[in-house]
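Coordinate inspection notes
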There are 2 protein chains.
Amino acid sequence: MAIGVIATITVRDGKNAEFEELFTALTEQVLANEPGATFYALHRTKSDSQVYKVLEQYASKEALKAHGQTEYFLAASQKMGALVAAAPELEVLDAV
Amino acid sequence: MAIGVIATITVRDGKNAEFEELFTALTEQVLANEPGATFYALHRTKSDSQVYKVLEQYASKEALKAHGQTEYFLAASQKMGALVAAAPELEVLDAV
């Protein structure tokens, strides 16, 4: 069963461009290397310029787990630490 | 610029199976007829068995508008009226 994820990320003031560049590069790596990542896309919210939402879907729990263990995801997460105001909030969903 | 949508739908008690069947048929029609709908997937939330979230993305504002005007979407929305506890909550997002 496919798994959906909504990741809500709050970026520090002044770090938007750097964050978007980092996350865009990460997205390209995810889509190029993870056939199990069926959707992965960063979005700006309209309510708050510092708040972003990543809409994601994975073909299985295993694909989601593998995603979180990739070298490029771990490297991006480390760099993201200096750009975000708090740890991302993750809502995991079960695809129908 | 692509547009993301998170649609939160609360289903009446006892109407889950009927809702899921209706929405699955709608999803098939969307994906078969709308090249501008780049992602469209229904998910159950883990927090409340009556609350669902549809993760959506459209290639443009025009694609989103066209989606809402299709005959099958309007027909499904009408049938959904008897199955949901309230109007869907829509969060529209701007893809990066």
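Rules used in this analysis
Residues numbered from 1 in each chain as written. Chains lettered and ligands numbered in written order. Predicted model: local features only at pLDDT ≥ 70, side-chain atom pairs only at ≥ 80, totals over all residues. Heavy atoms only, no water. Contact = heavy atoms within 4.5 Å. Buried area = accessible area lost by both parts, 1.4 Å probe. Salt bridge = Lys/Arg side-chain N within 4 Å of Asp/Glu carboxyl O. Polar contact = N/O pair within 3.5 Å; in protein donor to acceptor, adjacent residues only side chain to side chain. Helix = DSSP H or I, 4+ residues; strand = E, 2+ residues; numbered from the N terminus. Nonpolar A, V, L, I, M, F, W, Y, C, P; charged D, E, K, R; others polar. Pairing = 2+ DSSP bridges. UniProt positions renumbered as here; feature names shortened; annotations may be inferred. Least-squares fit on C-alpha atoms with pLDDT ≥ 70 in both. Buried < 20%, exposed > 50% of the residue type's maximum accessible area, 1.4 Å probe, protein only. Arc of directions from axis to C-beta. Axes fitted to C-alpha atoms, helices over the stretch in contact; angles between N-to-C directions. Parallel < 35°, antiparallel > 145°, perpendicular 65-115°, else oblique.

With an unreviewed UniProt entry as reference, chain A is termed ABM domain-containing protein, source organism gamma proteobacterium HTCC2207.

**Quick look at the interface of chain B and chain A**
Each partner contributes residues to the interface: chain B has 25 residues there, and chain A has 25 residues. Carbon and sulfur atoms supply 61% of the area buried between chain B and chain A, which totals about 2,100 Å² over both sides. Linking chain B to chain A there are four salt bridges. For Lys53 of chain B, the salt bridge goes to Glu91 of chain A, with nearest N and O atoms at 2.8 Å. Along the contact surface separating chain B from chain A lie 10 residue pairs in polar contact (both at pLDDT 80 or more). Elements with a contribution of two residues or more to the side of chain B that touches chain A: strand E1 (3–10), helix H1 (16–33), strand E2 (37–44), strand E3 (51–58) and strand E4 (89–95) of chain B. Considering each element in turn, the side of chain B that touches chain A owes the most residues, six residues, to E2 of chain B. Class assignment for the residues of the side of chain B that touches chain A results in 12 nonpolar, six polar and seven charged. The pairing of strand E2 (residues 37–44) of chain A with E4 of chain B spans two bridges and is antiparallel. Note that in E4 of chain B the partner of Arg44 of chain A across the bridge is Asp94 of chain B.

**Considering the UniProt feature "domain: ABM" (unreviewed entry) in chain A**
Mapped onto this numbering, the UniProt entry annotates "domain: ABM" (unreviewed entry) at residues 3–92 of chain A. Between the C-alpha atoms that bound residues 3–92 of chain A there is a distance of 7 Å. The span itself is 40% helix and 31% strand.

**Details of the relation of the copies chain B and chain A**
By a simple turn and slide, chain B fits onto chain A: the slide is 0.0 Å along the axis, the RMSD is 0.0 Å, and the turn is 180 degrees. In short, the pair behaves as if placed about a two-fold rotation axis. By residue overlap, the copies meet face to face through one surface: 100% of the interface positions of chain B are interface positions in chain A.

**Details of helix H3 (residues 71–80) of chain B**
Residues and elements named next belong to chain B. Within H3, the full set of buried residues consists of Tyr72, Ala76 and Met80. One side of H3 carries all its buried residues, which in axial view fall inside an arc of 70 degrees. Summarising the geometry of H3, the exposed residues directed more than 90 degrees from the buried face are Glu71 and Gln78. Looking at the packing, one finds that the buried side of H3 touches H1.

**So, the packing of helix H1 (residues 16–33) of chain A against helix H3 (residues 71–80) of chain A**
Residues and elements named next belong to chain A. Direction vectors running N to C along H1 and H3 enclose 170 degrees, while the axes themselves pass 10 Å from each other. Taken together, H1 and H3 sit at an angle that is classed as roughly antiparallel. Residue-level contacts link Phe19, Leu22, Phe23, Leu26, Gln29, Val30 and Asn33 of H1 to Tyr72, Phe73, Ala76, Lys79 and Met80 of H3. Tallied by class, residues from the contact of H1 with H3 come to nine nonpolar, two polar and one charged.

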